[in-house]
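For reference, the chains in residue letters:
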Amino acid sequence: VCEEDHGFVFTCSDDCSFKGWDERDLSNPTFVNKQHEAGVTCLSRWPYDDNLIMTGSYDKHIKFWDIRNMRKCVNDVFLDRQIWDFKFNGDLLGIS
């Protein structure tokens, strides 16, 4: 999964990580985050704040991250099922 924004690309992976890449140099990620306990299946910008991204995982967590400081999530929502994907439709967030 890949999300692009203003010269920066985010990717997520089954190895429990998601990464940030500067488009000017894709040889090494700007950061690697492994704070999920299972594969990261989806990643998206939060549409109401340009500084937030959200990640979903098989570990049943949706985590919110401030892109200015990726060391610690700013919110962690636990659901009773694995997160496969999420999509925004207007003001609604659909989770599958």
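Scoring rules and cut-offs
Residues numbered from 1 in each chain as written. Predicted model: local features only at pLDDT ≥ 70, side-chain atom pairs only at ≥ 80, totals over all residues. Heavy atoms only, no water. Phe/Tyr/Trp six-rings, centres within 6.5 Å; stacked < 30°, edge-to-face > 60°. Helix = DSSP H or I, 4+ residues; strand = E, 2+ residues; numbered from the N terminus. Buried < 20%, exposed > 50% of the residue type's maximum accessible area, 1.4 Å probe, protein only. Pairing = 2+ DSSP bridges. Axes fitted to C-alpha atoms, helices over the stretch in contact; angles between N-to-C directions.

Caption draft 1: The arrangement of the packing of aromatic side chains in detail. For the coordinates displayed, the defined rule picks out eight aromatic pairs. Ring centres of Tyr58 and Trp84 lie 5.1 Å apart, and the angle between their planes is 75°; on these two criteria the pair is classed as edge-to-face. Of the two residues, Tyr58 sits in the loop between strand E6 (52–57) and strand E7 (61–66) while Trp84 sits in the loop between strand E8 (75–78) and strand E9 (86–89), which places them 26 residues apart along the sequence. Here Tyr58 falls in the partly exposed class, since its relative accessible area comes to 24%.

Caption draft 2: Geometry of the sheet that holds E6. Across the sheet, four strands lie side by side as E5-E6-E7-E8; this open sheet has antiparallel pairing. With partners counted over all chains shown, the strands left at the sheet margins are strand E5 (40–45) and E8, one partner each. Ignoring strand direction, the axes of neighbouring strands in this sheet form an average angle of 15°. With five bridges joining them, E5 and E6 adopt antiparallel strand pairing. Its bridge partner lying in E6, Ser44 is registered against Met54.

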